[in-house]
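As a plain string of letters, each chain reads:
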Amino acid sequence: NSNSSHHALLQLTKGVDIGAKYGGMTKPVHNLQVLDHPTEKSTLVRITIGEGKNRQVRRMFHAIGSGVMQLHRIQVGNINLSMLRGVGSECAQEGCWRLLSENEIYQGLGWEVRRIETV
């Protein structure tokens, strides 16, 4: 029923145990939105997490007794992945990639760019 699924989803806001082998307790999700109920047994949600352990989202939903049918990453750090399309690239479909500029690396991920000296 929707009340029990709502209760299960709320567990994500407190963090869930995905197993010691996979990193133990997750940090609480920053944002949890129920967007739709396409069918009686499915719920479309949007979540924001502050860490990215291997297969973490799938494991979090498994820990609350649910599954993940589709998963779409839309942002990494402050880099919205839709902005990777275009900008010096003709990439307009899933699976395409491009190099990030030094500014994108620093502003989007907070990483300093290392210079590798060539001989």
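Residues numbered from 1 in each chain as written. Predicted model: local features only at pLDDT ≥ 70, side-chain atom pairs only at ≥ 80, totals over all residues. Heavy atoms only, no water.

> Can you walk me through the packing of aromatic side chains in this structure?
What describes a pair of aromatic rings is the distance from one ring centre to the other and the angle between the planes of the rings. Inspection of the entire model under this criterion finds zero aromatic pairs. Residue placement shows arginine 59 over the ring face of tyrosine 22; its charged tip is 3.5 Å from the ring centre. (Phe/Tyr/Trp six-rings, centres within 6.5 Å; stacked < 30°, edge-to-face > 60°. Lys NZ or Arg CZ within 6 Å of the ring centre and 35° of its normal.)

> Just to check I follow, could you spell out the pairing of strand S2 (residues 42-48) for this structure?
Along any regular strand the residues' side chains alternate between the sheet's two faces. Here strand S1 (residues 31-39) runs beside S2; their pairing, made up of six bridges, is antiparallel. Bridging from a neighbouring strand, valine 34 pairs with valine 45 of S2. What sits between S1 and S2 in their antiparallel hairpin is a turn of two residues. (Pairing = 2+ DSSP bridges. Helix = DSSP H or I, 4+ residues; strand = E, 2+ residues; numbered from the N terminus.)

> Got a minute to help me understand the nonpolar core in this structure?
Across soluble globular proteins, nonpolar side chains have a tendency to be buried as a group. Ala8, Leu9, Leu12, Val16, Ile18, Val29, Val57, Met60, Phe61 and Ile64 form the largest nonpolar core, which has 10 residues in total. Counting only elements with at least two residues in this core, the list comes to helix H1 (2-11) and helix H2 (56-63). Apart from the residues within four sequence positions on either side, isoleucine 18 is in contact with Gly24, Thr26, Lys53, Arg59 and Met60. (Core = buried A, V, L, I, M, F, W, Y, C linked by side-chain atoms within 4.5 Å. Buried < 20%, exposed > 50% of the residue type's maximum accessible area, 1.4 Å probe, protein only. Contact = heavy atoms within 4.5 Å.)

> Explain the side chain of threonine 26 to me, please; I cannot follow it from the model alone.
Among the secondary structure elements, threonine 26 is positioned in the loop between H1 and S1. Residues within four places of threonine 26 in sequence aside, it is in contact with Gly15, Val16, Ile18, Glu51, Lys53, Gln56 and Met60.

> Explain the environment of lysine 41 here, please?
If you trace the backbone, lysine 41 turns up in the loop between S1 and S2. Residues lysine 41 and serine 5, 36 residues apart in the sequence, show an inter-C-alpha distance of 9.7 Å.

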